Amino acid sequence: MSVFFFKGVALFTPLVLFVMGAMGTFLNRRNLIIMLLCIELMLLAANLVFLTASVALDDINGQLLALWVMTAAAAETALGLALCVLHYRLRATLDVELINLMKGSQQNHAS
């Protein structure tokens with residue numbers, strides 16, 4: 001019975017983390033850093049599912065996939081924080097509503 005309880009808790013916890021990250025991403029549309037943290041929380045939940053499946057199936061592929069997801073998450077975090085710094089330097093705010101102003105001017109060059 002304890003094995004079934006462990007698997008239930010081990011799969012319920014990532015579900016709760018993923019829902020918290022998704023709710024934080026979609027409900028908080030103002031602060032860019034909080035949105036990045038919520039995306040990281042969703043990636044953490046995916047890693048927990050991969051690791052739980054790896055332990056349950058006694059297979060190393062889930063651990064390798066979790067390592068790959070952590071590598072992609074680190075690259076995503078570096079890129080996201082660089083965009084945060086750039087946006088803050090240009091606008092002195094981290095408001096997500098103003099991030100489309102980073103595109104620059106759209107001019108038609110008719111020749």
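A few points on the structure. The structure presented is a predicted model; accordingly, all values stated were derived computationally and were not measured.

Reading the values: the criteria
Residues numbered from 1 in each chain as written. Predicted model: local features only at pLDDT ≥ 70, side-chain atom pairs only at ≥ 80, totals over all residues. Heavy atoms only, no water. Patch = residues over 30% accessible without salt bridge, like charges linked within 9 Å, V, L, I, M, F, W, Y side chains within 5 Å. Areas by Shrake-Rupley, 256 points an atom, 1.4 Å probe, with all protein chains shown as cover. Salt bridge = Lys/Arg side-chain N within 4 Å of Asp/Glu carboxyl O. Buried < 20%, exposed > 50% of the residue type's maximum accessible area, 1.4 Å probe, protein only. Helix = DSSP H or I, 4+ residues; strand = E, 2+ residues; numbered from the N terminus.

Observations concerning a nonpolar patch on the surface
A cluster of nonpolar residues, F12, L15, V16, V19, M20, M23 and L27, forms a patch on the protein surface that exposes about 700 Å² of accessible area. On the accessibility criterion, F12 (52% relative accessible area) is exposed.

Quick word on the pattern of salt bridges
Side chains carrying opposite charge are able to pair once their charged atoms draw close together. Overall, the coordinates contain one salt bridge when judged by the stated rule. In this structure, the salt-bridge partner of D95 is R30, at a minimum N-O distance of 3.5 Å. With D95 in the segment after α3 (61-91) and R30 in the loop between α1 (2-27) and α2 (32-57), this residue pair connects regions lying 65 residues apart in the sequence. The class of D95 is buried, set by a relative accessible area of 12%.

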